[in-house]
Amino acid sequence: MKLILTQEVTGLGAPGDVVEVKDGYGRNYLVPRGVAIRWTRGAEKTVESIKTARVSRAVRDHDHAEEIKTKLESSPVAVKVRSGEGGRLFGAVTVTEIAGALADASGEQVDKRTIVVKNPIKSLGSHEISVKLHDDVSATVALNVIPA
(Lines give C-alpha, C1' and ligand atoms only; values in the text may rest on other atoms or scores of the structure.)
Protein backbone atom coordinates (compact mmCIF):
# COMPACT_ATOMS: atom_id res chain seq x y z
CA MET A 1 0.00 0.00 0.00
CA LYS A 2 1.37 3.39 -0.98
CA LEU A 3 0.92 6.14 1.63
CA ILE A 4 1.93 9.77 2.15
CA LEU A 5 3.14 10.47 5.69
CA THR A 6 1.68 13.53 7.40
CA GLN A 7 3.77 13.15 10.57
CA GLU A 8 7.16 11.69 11.45
CA VAL A 9 7.09 7.92 11.94
CA THR A 10 10.19 6.43 13.55
CA GLY A 11 11.87 3.97 11.22
CA LEU A 12 9.57 4.82 8.31
CA GLY A 13 9.98 8.44 7.25
CA ALA A 14 9.30 12.13 7.66
CA PRO A 15 6.26 14.21 6.77
CA GLY A 16 5.72 14.40 3.03
CA ASP A 17 7.51 11.14 2.26
CA VAL A 18 5.77 8.63 0.01
CA VAL A 19 6.27 5.16 1.51
CA GLU A 20 5.26 1.60 0.66
CA VAL A 21 3.94 -0.39 3.65
CA LYS A 22 2.03 -3.60 4.20
CA ASP A 23 -1.73 -3.24 3.76
CA GLY A 24 -2.64 -4.09 7.36
CA TYR A 25 -0.14 -1.66 8.89
CA GLY A 26 -1.39 1.16 6.70
CA ARG A 27 -5.10 0.40 6.93
CA ASN A 28 -5.25 -0.46 10.65
CA TYR A 29 -2.58 1.74 12.21
CA LEU A 30 -1.24 4.63 10.13
CA VAL A 31 -4.38 5.93 8.39
CA PRO A 32 -6.78 5.76 11.41
CA ARG A 33 -4.30 7.66 13.60
CA GLY A 34 -3.95 10.41 11.01
CA VAL A 35 -0.24 9.76 10.57
CA ALA A 36 -0.63 9.01 6.85
CA ILE A 37 -3.04 9.43 3.96
CA ARG A 38 -3.55 7.19 0.95
CA TRP A 39 -1.47 8.03 -2.09
CA THR A 40 -3.39 9.17 -5.15
CA ARG A 41 -2.50 11.43 -8.03
CA GLY A 42 -4.57 14.18 -6.44
CA ALA A 43 -2.93 13.69 -3.06
CA GLU A 44 0.47 14.03 -4.72
CA LYS A 45 -0.12 17.81 -4.68
CA THR A 46 -0.38 17.78 -0.90
CA VAL A 47 3.13 16.29 -0.70
CA GLU A 48 4.61 19.61 -1.81
CA SER A 49 2.61 21.59 0.76
CA ILE A 50 3.59 19.16 3.53
CA LYS A 51 7.26 19.40 2.53
CA THR A 52 7.23 23.21 2.41
CA ALA A 53 5.67 23.31 5.88
CA ARG A 54 8.33 20.88 7.10
CA VAL A 55 11.13 22.98 5.63
CA SER A 56 9.83 26.14 7.26
CA ARG A 57 9.71 24.43 10.67
CA ALA A 58 12.96 22.53 10.29
CA VAL A 59 16.39 23.59 11.35
CA ARG A 60 18.16 25.17 8.39
CA ASP A 61 21.34 23.08 8.32
CA HIS A 62 23.86 21.14 10.40
CA ASP A 63 25.68 24.27 11.61
CA HIS A 64 22.42 25.90 12.72
CA ALA A 65 21.54 22.69 14.60
CA GLU A 66 24.92 22.81 16.38
CA GLU A 67 24.25 26.44 17.40
CA ILE A 68 20.86 25.50 18.87
CA LYS A 69 22.42 22.49 20.62
CA THR A 70 24.99 24.67 22.40
CA LYS A 71 22.24 27.12 23.46
CA LEU A 72 20.07 24.32 24.85
CA GLU A 73 22.88 22.46 26.64
CA SER A 74 24.51 25.58 28.10
CA SER A 75 22.19 25.89 31.10
CA PRO A 76 19.32 23.94 32.68
CA VAL A 77 15.82 24.80 31.51
CA ALA A 78 13.16 25.52 34.15
CA VAL A 79 9.58 24.32 33.67
CA LYS A 80 6.94 25.64 36.08
CA VAL A 81 4.08 23.23 36.82
CA ARG A 82 1.34 22.85 39.39
CA SER A 83 2.20 20.38 42.11
CA GLY A 84 0.75 19.00 45.29
CA GLU A 85 2.29 18.03 48.60
CA GLY A 86 5.46 15.98 48.49
CA GLY A 87 6.46 17.22 45.06
CA ARG A 88 3.92 15.16 43.10
CA LEU A 89 2.54 16.77 40.00
CA PHE A 90 -1.04 17.01 38.84
CA GLY A 91 -0.53 14.85 35.75
CA ALA A 92 2.77 14.82 33.89
CA VAL A 93 4.94 17.43 32.21
CA THR A 94 3.91 17.50 28.55
CA VAL A 95 6.16 18.02 25.54
CA THR A 96 4.19 21.20 24.77
CA GLU A 97 5.21 22.66 28.14
CA ILE A 98 8.80 21.58 27.54
CA ALA A 99 8.82 23.12 24.04
CA GLY A 100 7.57 26.41 25.48
CA ALA A 101 10.26 26.42 28.17
CA LEU A 102 12.95 25.59 25.60
CA ALA A 103 11.77 28.46 23.38
CA ASP A 104 11.89 30.87 26.34
CA ALA A 105 15.36 29.71 27.40
CA SER A 106 17.07 29.56 24.00
CA GLY A 107 15.10 32.02 21.89
CA GLU A 108 14.67 29.31 19.21
CA GLN A 109 11.42 27.54 18.41
CA VAL A 110 11.72 23.79 18.95
CA ASP A 111 9.18 21.49 17.33
CA LYS A 112 7.48 19.45 20.05
CA ARG A 113 7.64 16.31 17.89
CA THR A 114 11.45 16.38 18.13
CA ILE A 115 11.44 16.18 21.94
CA VAL A 116 12.06 12.69 23.33
CA VAL A 117 11.05 11.99 26.94
CA LYS A 118 12.05 8.47 27.99
CA ASN A 119 9.83 8.20 31.08
CA PRO A 120 6.87 10.43 31.93
CA ILE A 121 7.95 13.30 34.19
CA LYS A 122 5.67 13.20 37.23
CA SER A 123 7.82 14.71 39.99
CA LEU A 124 9.64 17.90 40.81
CA GLY A 125 13.42 18.04 40.43
CA SER A 126 15.90 17.64 37.63
CA HIS A 127 15.34 15.37 34.65
CA GLU A 128 17.08 14.80 31.32
CA ILE A 129 15.39 14.92 27.95
CA SER A 130 16.67 14.59 24.41
CA VAL A 131 15.89 16.89 21.48
CA LYS A 132 16.54 15.66 17.95
CA LEU A 133 17.47 18.84 16.10
CA HIS A 134 18.83 17.35 12.86
CA ASP A 135 19.50 13.90 11.44
CA ASP A 136 23.01 13.94 12.95
CA VAL A 137 22.55 16.34 15.88
CA SER A 138 20.79 15.52 19.12
CA ALA A 139 20.92 17.66 22.27
CA THR A 140 20.63 16.37 25.84
CA VAL A 141 18.91 19.02 27.93
CA ALA A 142 18.85 19.30 31.73
CA LEU A 143 15.28 20.06 32.76
CA ASN A 144 14.40 21.46 36.21
CA VAL A 145 10.75 20.98 37.12
CA ILE A 146 9.77 23.60 39.72
CA PRO A 147 6.44 24.40 41.38
CA ALA A 148 4.44 27.30 39.94
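A quick note: this is a predicted structure, and the numbers were derived from the prediction, not measured.

About the criteria used
- Residues numbered from 1 in each chain as written.
- Predicted model: local features only at pLDDT ≥ 70, side-chain atom pairs only at ≥ 80, totals over all residues.
- Heavy atoms only, no water.
- Pairing = 2+ DSSP bridges.
- Helix = DSSP H or I, 4+ residues; strand = E, 2+ residues; numbered from the N terminus.
- Contact = heavy atoms within 4.5 Å.
- Axes fitted to C-alpha atoms, helices over the stretch in contact; angles between N-to-C directions.
- Polar contact = N/O pair within 3.5 Å; in protein donor to acceptor, adjacent residues only side chain to side chain.

Q: Could you give me a rundown of the sheet that holds strand E7 (residues 138-147), with the residues and numbers involved?
A: One open sheet holds the four strands; their spatial order is E4-E7-E6-E5, and the pairing between them is mixed. Here the strands that pair on one side only, and so sit at the sheet edges, are strand E4 (77-81) and strand E5 (115-116). Here E4 pairs with E7 via five bridges, running parallel. Paired with alanine 78 across the strands is asparagine 144, a residue of E7. Its contacts with the sheet place helix H4 (residues 95-106) against E4, E5, strand E6 (125-132) and E7, and it is angled at close to 135° to E4.

Q: Help me get a handle on the pairing of E6, residues and values and all.
A: Regular strands place side chains that alternate from one sheet face to the opposite one. Judged from the two bridges that link them, E5 and E6 form a sheet pairing that is antiparallel. Looking across to E6, one finds that isoleucine 115 is bridged to valine 131. Both E6 and E7 contribute to a ladder of eight bridges, which runs antiparallel. The residue bridging glycine 125 from the neighbouring strand is valine 145, located in E7. The turn joining E6 and E7, which pair antiparallel and follow one another in sequence, is formed by five residues.

Q: So what's going on with the side chain of serine 106? Which residues, and what values?
A: Within the element layout of this structure, serine 106 appears in helix H4. Reaching out from serine 106, the side chain makes a polar contact with the backbone oxygen of leucine 102 at a distance of 2.8 Å. Beyond its immediate sequence surroundings of up to four residues, serine 106 is in contact with Lys71 and Leu72.

Q: With reference to specific residues and values, describe the sheet that holds strand E3 (residues 36-38).
A: The pairing of strands in a sheet happens through backbone hydrogen bonds and is either parallel or antiparallel. Reading across from one edge, E2-E1-E3 is the order of the three strands in this open sheet, with antiparallel pairing throughout. Each edge of the open sheet carries a strand with a single partner, namely strand E2 (18-20) and E3. In this sheet, adjacent strand axes meet at a mean angle of 40° when their direction is disregarded. Relative to E3, strand E1 (residues 2-5) runs antiparallel, the two sharing three bridges. From the neighbouring strand, leucine 5 faces E3, where its bridge partner is alanine 36.

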